[in-house]
Every structure is written in C-alpha cells, then in structure tokens.
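Residue strings, one per chain:
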Amino acid sequence: MIDRTRLLDDEWNELLALLALHPKIRVGPPDACRAFVEAVLWILRTGAQWRHLPEERGAWNSVFKRYSRWCKYGVWTSIHQVLAQEGDMQHVSIDSTITRAHACAAGAANSTQEQEALGRSKGGFSCKIHALTDALGLPIKFILTEGQKSDITQAIPLLEGIDTQALLADKGYDADALIAWLKERGIGVVIPAKGNRKEPRECDWWLYKERHGVECMFGKIKHYRRTFSRYEKTAINYLGMLSLAATMLWLR
C-alpha cells in the first residue's frame with residue numbers, strides 16, 4: 001500500500017530543485033529537509049493537530065515554526081506558481097468553494113477576521129477559496145476571502161496577468177463589468193446568461209462542459225484533510241496548505 005504522506009523520489013527531486021532556487025530559505029541536508037516536508041505533508045493529508053504529529057516525524061513545534069516561516073517567505077506559493085507556468089492555458093475556468101472554519105481558526109494575534117479571510121455565511125464560520133484552473137483542471141491560482149464574499153468580486157484579480165483564449169465560469173460570474181473586461185482583452189466569454197438578463201447572450205455549451213475541471217480540482221484538493229476544513233488562524237498559513245496540496249497535484 002502506498003503511503004500518501006511520503007514523497008516519491010521523483011517528486012522529491014523536483015521539489016528539491018525548486019527549493020534550492022528560493023533566496024530566503026536554507027535547504028540544509030536534503031534528507032532532513034525531505035523529512036520536514038513529509039511531516040507537513042502528514043499534517044496536510046490527515047488534518048490532525050500539529051501536537052499529534054508522530055514523534056518519528058520530528059518535534060511538532062519545530063516543524064510548525066519552520067512551516068509558518070516558509071509561509072511568511074512565500075515558499076509554498078512560489079513552488080506552486082513555478083509549476084503552474086506549465087499549465088495548458090488554451091482556456092481557463094474559475095469558481096469558488098466554501099470551507100468551514102474550526103473554532104481554533106479564530107483569534108490570530110494583532111489581526112482581524114477580515115484580514116485573515118474569515119467570515120460568516122450560511123454554513124457558519126467560514127472561509128471561501130476562489131480558484132483558477134487551466135484547461136486540464138490543474139490549479140493555477142488561489143485567492144482567499146471571507147465566506148460571505150461574492151464570487152464575482154475576485155474574478156478580475158484571479159484573471160490578471162493570465163493569457164488565455166476563453167474563460168469558463170458559471171452564472172455567478174455573469175456581470176457586465178467582467179464581460180467588458182474580457183472582451184477588451186480578446187478573451188472569449190463562456191458564461192451562461194442569468195435568467196433575469198434583458199439581453200440574452202450566446203454561450204458555447206460544448207466548450208462549457210469543460211468547466212467540470214475546476215469542480216474536480218476542488219474535490220481532489222479536499223482529499224487533503226487540512227484543506228477540507230480550515231484550522232489555521234492566519235490566511236497565509238492556510239494558503240500554504242492549499243499551495244502544497246496544489247503542488248502535489250502538479251507533481252503527479
């Protein structure tokens with residue numbers, strides 16, 4: 001049986017090459033660094049508390065502090081961004097999903113719930129993940145907001161700097177401002193019109209079927225229990241978990 005909390009040699013070799021390029025961290029002995037990354041992967045996979053990290057994986061507090069430091073330096077997100085440069089950008093999809101936030105996610109020091117992307121929605125205390133995927137359904141970018149934040153507010157931030165031929169999205173993104181922004185950049189609009197739209201728009205329903213990729217991506221990401229529910233107090237630490245989960249999808 002494959003231990004999903006361990007890295008394959010090919011996966012580790014590719015990760016090590018990317019880590020060695022980051023200017024703000026010292027990788028140190030490769031075996032020790034691999035043990036650290038696999039300890040974080042154990043937390044990511046199981047969703048367990050840091051205190052429950054098995055002793056053979058390392059001292060939980062040391063692993064947590066190093067993980068948080070790497071989040072602060074943007075290590076996890078930078079690795080994801082490098083891998084995402086290989087994405088198939090013929091068309092992209094955007095969507096969002098709400099994750100329930102555990103009570104321990106509240107109370108970040110010297111911060112507010114809004115700053116840490118925590119809020120209240122119909123599901124209760126929550127965080128919303130806004131995501132953009134490539135044509136193959138692989139994650140390109142994440143943005144975190146409070147659970148009650150509207151999807152459309154993060155559409156343009158997700159798409160900034162993205163070179164693609166078409167955007168696939170559901171009716172929640174049918175807004176004149178977004179459509180105009182897309183047309184100015186020559187990006188095709190594959191978004192069904194809302195029922196209350198006075199001037200109906202055409203939609204390429206055949207291409208729209210490919211939007212299932214972003215839904216499947218959320219399903220795969222949430223196999224990693226630490227992303228299924230939010231336990232991290234800070235948004236940057238939760239984004240680190242998302243980025244590591246996305247990295248694992250890219251390394252498959």
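Everything below is about the structure shown above.
What comes next concerns the included structure. Because the structure is predicted, anything quoted here is derived from the model rather than measured.

### So, the packing of helix α8 (residues 212-221) against helix α10 (residues 235-251)
Axis separation between α8 and α10 bottoms out at 10 Å; the angle between their running directions is 110 degrees. Overall, the two elements α8 and α10 adopt an arrangement that is roughly perpendicular. The chirality of how α8 crosses α10 is right-handed. The segment α8 lies against α10, with Met217, Lys220 and Ile221 engaging Leu242, Ala245, Ala246 and Leu249.

### Here's the deal with empty space enclosed by the protein
According to the stated counting rule, one finds 2 cavities of 30 Å³ or more in the structure shown. Taken together, Leu15, Leu19, Val37, Trp70, Trp76, Ile79, Ser243, Leu244 and Thr247 make up the full set of residues lining the largest cavity. Secondary structure elements with two or more residues in the lining of the largest cavity: α1 (9-19), α4 (75-84) and α10. Looking at which element gives the most residues to the lining of the largest cavity, the answer is α10, with 3 residues. A class-by-class count of the residues in the lining of the largest cavity yields 7 nonpolar, 2 polar and no charged. When its volume is computed, the second largest cavity comes out at roughly 30 Å³. In terms of lining residues, the second largest cavity is bounded by His91, Ser93, Thr133, Asp134, Ala135, Gly137, Glu210, Gly213 and Val214.

### A look at α4
Within α4, burial applies to Val75, Trp76, Ile79, His80, Leu83 and Ala84. At its buried positions, α4 is contacted by α1, α2 (30-46), α3 (60-72), β4 (139-146) and α10.

### Some points on the nonpolar core
By size, the foremost hydrophobic cluster in this structure holds 73 residues, and its most contacted members are Leu19, Trp70, Ile94, Leu159, Leu167 and Leu178. If you tally residues by element for this core, the top one is α10, at 11 residues. With residues near it in sequence (within four places) discarded, Leu167 still touches Val92, Ser93, Ile94, Leu159, Leu178, Leu182, Ile187, Gly188, Val189, Val190 and Ile191. The next biggest cluster of nonpolar side chains, apart from the first, holds 5 residues, and it includes Ala166, Leu168, Cys203 and Tyr208.

### Let's talk about the side chain of Asp174
Among the secondary structure elements, Asp174 is positioned in the loop between β5 (166-168) and α6 (176-184). Of the polar contacts made by the side chain of Asp174, one reaches the backbone nitrogen of Lys194; its length is 2.8 Å. In this view, Asp174 contacts Ile179, Ile191, Pro192, Ala193, Lys194, Arg197 and Arg201; residues no more than four positions away in its chain are not counted.

### Quick word on the pairing of β4
Along β4, 7 of the 8 residues are buried, which leaves the element largely enclosed by surrounding structure. When strand β3 (residues 124-133) meets β4, the two strands line up antiparallel, connected through 7 bridges. Its bridge partner being in β4, Ile129 is matched across the sheet by Leu144.

### Structural notes on the pattern of salt bridges
Between side chains of opposite charge, pairing is possible as soon as their charged atoms come close. The final tally for this structure, using the stated rule, is 13 salt bridges. For the salt bridge of Arg6 with Asp3, the shortest nitrogen-to-oxygen distance reads 3.8 Å. With relative accessibility at 37%, the residue Asp3 sits in the partly exposed group. For Glu232, the salt bridge is made with Arg226, and the minimal N-O distance between the two is 2.8 Å. A residue is classified by how much of its surface remains accessible, and Arg226, at 5% relative accessible area, is buried. Several salt bridges converge on common partners, so that one network encompasses Asp3, Arg6, Asp9, Arg34, Glu38 and Arg57.

Reading the values: the criteria
- For every chain, the first residue of its written sequence is number 1, and the numbers climb from 1 along that sequence.
- Selection of residues for local features in this predicted model requires a pLDDT of at least 70, selection of side-chain atom pairs for listing and counting requires 80 or more, and totals for whole chains, interfaces and linings are taken over all residues.
- Computation of side-chain values: all heavy atoms of the structure, hydrogens and water removed.
- Only the contacting stretch of a helix is used when fitting its axis, a line to C-alpha atoms as for every element, and angles between N-to-C directions run 0 to 180 degrees.
- Note on conventions: DSSP H or I runs of at least 4 residues are helices, E runs of at least 2 residues are strands, and numbering of each starts at the N terminus.
- Oblique is the label for every angle not falling under 35 degrees (roughly parallel), over 145 degrees (roughly antiparallel), or within 65 to 115 degrees (roughly perpendicular).
- Note: crossing handedness is left-handed where the near helix turns anticlockwise from the far helix by less than a right angle, and right-handed where it turns clockwise.
- Contacts were defined at the residue level, with two residues in contact if any of their heavy atoms lie within 4.5 Å.
- Residues are called lining when one of their atoms sits within 4 Å of a cavity or pocket point, these points coming from a 1 Å grid over the protein atoms alone, where a cavity is a set in which a 1.4 Å probe fits but cannot get out and a pocket is an open set with protein on both sides within 12 Å along at least five of seven lines.
- Grid points are joined across faces, edges and corners, and a volume is the space filled by probe spheres set on the points.
- Note on residue categories: nonpolar means Ala, Val, Leu, Ile, Met, Phe, Trp, Tyr, Cys or Pro, charged means Asp, Glu, Lys or Arg, and polar means any other residue, Gly included.
- Each residue is placed in one exposure class: buried if its accessible area under a 1.4 Å probe, protein chains only, is under 20% of its type's maximum, exposed if it is over 50%, and partly exposed if it falls in between.
- We define the nonpolar core as a collection of buried residues of types Ala, Val, Leu, Ile, Met, Phe, Trp, Tyr and Cys that are connected through side-chain atoms lying within 4.5 Å of one another.
- Polar contacts, as used here, are pairs of N or O atoms within 3.5 Å; protein pairs need one atom able to donate a hydrogen and one able to accept it. Residues neighboring in sequence count only if both atoms are side-chain atoms.
- The rule for pairing is simple: two strands pair if DSSP sees at least two bridges between them.
- A pairing counts as a salt bridge when a side-chain nitrogen of Lys or Arg comes within 4 Å of a carboxyl oxygen of Asp or Glu.

Note that every value here comes from positions in space, so none of it alone points to a role or purpose.
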